[in-house]
Amino acid sequence: MVVGAGAKVLPRRDHPDVESNSRKPASARASGAGLGSNRDTTRQHNLSTVLTLVHCSAGISRAELTRLTGLNRSTIAALVGELAQLGLVLENEPDQRQQHGRPSIMISPGPGVLALAVNPDLDAVNVALVALGGSIVNPVRFHTVAPPSTAEVVNIVSAIYTGMATSLPENRRVVGVGVAVPGLVDPADGTVIEAPQLGWQEEPLAAQLSAALNLPVTCANDAIVGARAQAAFGAGRDVSDFVYLYGGASGIAGGILSGGQLLQGATGFAGQIGHLLVRTDGANCSCGSAGCLEAEVTREELLRATGVPSGQAEDLESTVLGLFESGNAPEALLEILQRQSRLLAVALRALVHQLNPSVFVLGGFLRILARTMPALLEDAVRVGGARSAREQVAIELAPLGEDPVLVGAAELAFTELLADPARVLGTASPAPIDS
Ligand SMILES: [Zn+2]
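This section reports on the structure supplied with the text. What you are looking at is a predicted structure, and each value in this text was computed from that prediction instead of being measured. (Residues numbered from 1 in each chain as written. Predicted model: local features only at pLDDT ≥ 70, side-chain atom pairs only at ≥ 80, totals over all residues. Heavy atoms only, no water.)

Notes on the overall build of the protein chain
Alright, step 1. Of regular secondary structure, the protein chain possesses 16 helices and 17 strands.
Alright, step 2. Counting every position in the protein chain, which comprises 435 residues, the buried fraction comes to 51%.
Alright, step 3. Taking the contacts inside the protein chain whose residues are at least 6 apart along the sequence as the reference set, 66% of them involve residues at least 24 apart.
Alright, step 4. Only carbon and sulfur atoms are counted for the fraction: they give 50% of the accessible area of the protein chain, which is about 18,400 Å². (Helix = DSSP H or I, 4+ residues; strand = E, 2+ residues; numbered from the N terminus. Buried < 20%, exposed > 50% of the residue type's maximum accessible area, 1.4 Å probe, protein only. Contact = heavy atoms within 4.5 Å. Areas by Shrake-Rupley, 256 points an atom, 1.4 Å probe, with all protein chains shown as cover.)

What follows is the structure, given as structure tokens:
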């Protein structure tokens, strides 16, 4: 369970959880997760709560932990001490900003435990180590000339991870791997059911990567993963109802947090916002239908209109904004921005009335539409329909780049650690891969 932490966040909510589909090495399976006394269960719960609060904050005082958890000061001191011994948190100098009473010790996420985050895309495989607290340690973007196969992803990640592992200080350990996939993933076992743009079907990616890396691996859809990052660290951290929309090379994906829970649907595939019908006579979609949001609103069209090569898609936003703000945007580009924004607005309006979110978080190239045509999107979520539903909707931007997806992928790998820190660190394999 994650509490949306930070100084002002009080409502507890369940973590927007993706059911773990970890493939664990034998060493981790043989853990003593069995029958503990009530006291052990309480201790585990309290360690989990405190670690999660520290993880989701950039630093939190011991006094604040006491207040947020309702535990007494000596219990918090003991729990923090245990987490510090495990290398999970750091106890820092007291917070001098505090005006009244004794300054309280500040607790921050420790650097000792890392997750390996992986995000295969159409033209690259992104890999990074991510520390607790969501800080990316050393991101690598490995370009590929064509969409990578799962075997290529396994080889690329293994090679990069071997290099990373050998240069890690001795007291660092990698507890697991999280993979954000631009496609449908079976939450039960991490099999990629389909990732049409990558040409993948029924690929047991979690099992393949786990065998290669000798680490537990959890796979999930990239937008669900992005939504988790938003819920833990981003625009969604203070709200329990938001819709995250991410536009990338492989289409538009969505993650929906409703009542503090990530909407999963009967079989884990809810939130396919890219396939919302936005135009009845629209373009053919990879799903076999036509007029879907992701068939009509594409990064490809913006790349073509601006001449930015797909290998440099990270420059697309600055290029479009440069043209737009200097008044030099060609008519064709303006037409595309307006048309795509109107069609995105159709989707947002439908979502406002179906889901009643308080925030839309737009990531990837959808940021460009929000930054160039804000009125089209804002009008769409504020006009018509139930007044109460539209009154409070805000449109916010996710941070630029792949970072939210990598941070969210790491969240997948941290799930078990956050739930039971002492057990996972007692059993997780500290050794890197056999090579
Ligand atoms: Zn579709």
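The rest of the description comes next.
Considerations on the coordination of the zinc ion
Alright, step 1. Of the protein atoms, only H275 (ND1), C285 (SG), C287 (SG) and C292 (SG) coordinate the zinc ion, at distances of 2.0 to 2.3 Å.
Alright, step 2. Between the four donor atoms coordinating the zinc ion, the angles at the centre fall across 103 to 123°, so the site counts as tetrahedral.
Alright, step 3. Each donor residue of the zinc ion lies on one chain, and together they are spaced H-x9-C-x1-C-x4-C. Of the two residues, H275 is situated in the loop between β15 (261-262) and α8 (293-296) and C287 in the loop between β15 and α8; the sequence distance between them amounts to 12 residues.
Alright, step 4. Residue H275 is classed as partly exposed on the basis of its relative accessible area, which comes to 30%. (Donors = N, O, S within 2.8 Å, 3.2 Å for Na, K, Ca; no water. Tetrahedral: all angles 85-135°; square planar, octahedral: opposite > 155°, others 65-115°.)

Some words on the packing of helix α3 (residues 62-69) against helix α4 (residues 73-85)
Alright, step 1. Following both chains from N to C, one finds α3 and α4 inclined at 115°, their axes separated by 9 Å at the closest point. With respect to their mutual orientation, α3 and α4 come out roughly perpendicular. For the pair α3 and α4, the crossing hand works out as right-handed. Note on element contacts: α4 touches α3 through R73, I76, A77 and V80, opposite R62, L65, T66 and T69.
Alright, step 2. Split by residue class, the contact of α3 with α4 holds four nonpolar, two polar and two charged. (Axes fitted to C-alpha atoms, helices over the stretch in contact; angles between N-to-C directions. Parallel < 35°, antiparallel > 145°, perpendicular 65-115°, else oblique. Left-handed = near helix turned anticlockwise from the far one by under 90°. Nonpolar A, V, L, I, M, F, W, Y, C, P; charged D, E, K, R; others polar.)

Quick look at the layout of surface pockets
Alright, step 1. Computed from the structure, the largest pocket encloses a volume of approximately 720 Å³.
Alright, step 2. Looking at the largest pocket, it is lined by 42 residues, and the ones nearest its centre are Y246, G247, G248, A249 and G251.
Alright, step 3. Among the elements that take part in the lining of the largest pocket, strand β14 (residues 251-258) stands out by supplying four residues, more than any other.
Alright, step 4. Of the residues assigned to the lining of the largest pocket, the class counts are 16 nonpolar, 16 polar and 10 charged.
Alright, step 5. Counting the residues that make up the lining of the largest pocket, at least three belong to each of domain 2 (113-225 + 403-427) and domain 3 (236-397).
Alright, step 6. Computed from the structure, the second largest pocket encloses a volume of approximately 340 Å³.
Alright, step 7. For the second largest pocket, the lining is made up of 24 residues, of which Q197, A249, S250, G251 and E300 are closest to its centre.
Alright, step 8. Put simply, the parts of the chain that give the lining of the second largest pocket at least two residues each are α8 and α9 (299-306).
Alright, step 9. It is α9 that contributes the most residues to the lining of the second largest pocket, three residues altogether.
Alright, step 10. In terms of residue class, the lining of the second largest pocket is built from 11 nonpolar, nine polar and four charged.
Alright, step 11. When residues of the lining of the second largest pocket are sorted by domain, at least three fall in each of domain 2 (113-225 + 403-427) and domain 3 (236-397). (1 Å grid on protein atoms, 1.4 Å probe; cavity = no way out; pocket = protein on both sides within 12 Å on 5 of 7 lines; lining within 4 Å. Points joined across faces, edges and corners; volume = space filled by probe spheres on them. Domains from an automatic or database assignment.)

Things to note about the sheet that holds strand β1 (residues 60-61)
Alright, step 1. A sheet is described by the order of its strands in space; here three strands give the open sequence β1-β3-β2, paired in antiparallel fashion. Edge positions in the open sheet fall to β1 and β2 (89-94), since each of these has one partner strand only.
Alright, step 2. Relative to strand β3 (residues 105-109), helix α2 (residues 38-55) is tilted by about 85°, and along the sheet it contacts β1, β2 and β3.
Alright, step 3. Running at roughly 120° to β2, α4 makes contact with β2 and β3 of the sheet. (Pairing = 2+ DSSP bridges.)

What about the pairing of strand β13 (residues 242-248)?
Alright, step 1. Counting buried positions along β13 gives seven out of seven residues, so the element sits mostly inside the fold.
Alright, step 2. Alternating residues of β13 divide into F242, Y244, Y246 and G248 and V243, L245 and G247, and every residue in both groups is buried.
Alright, step 3. With seven bridges joining them, β13 and β14 adopt antiparallel strand pairing. Bridge pairing links G248 to G251 in β14.
Alright, step 4. As judged from the six bridges shared by β13 and strand β16 (residues 359-364), these two strands associate in the parallel manner. Bridged to V243 within β16 is F360.

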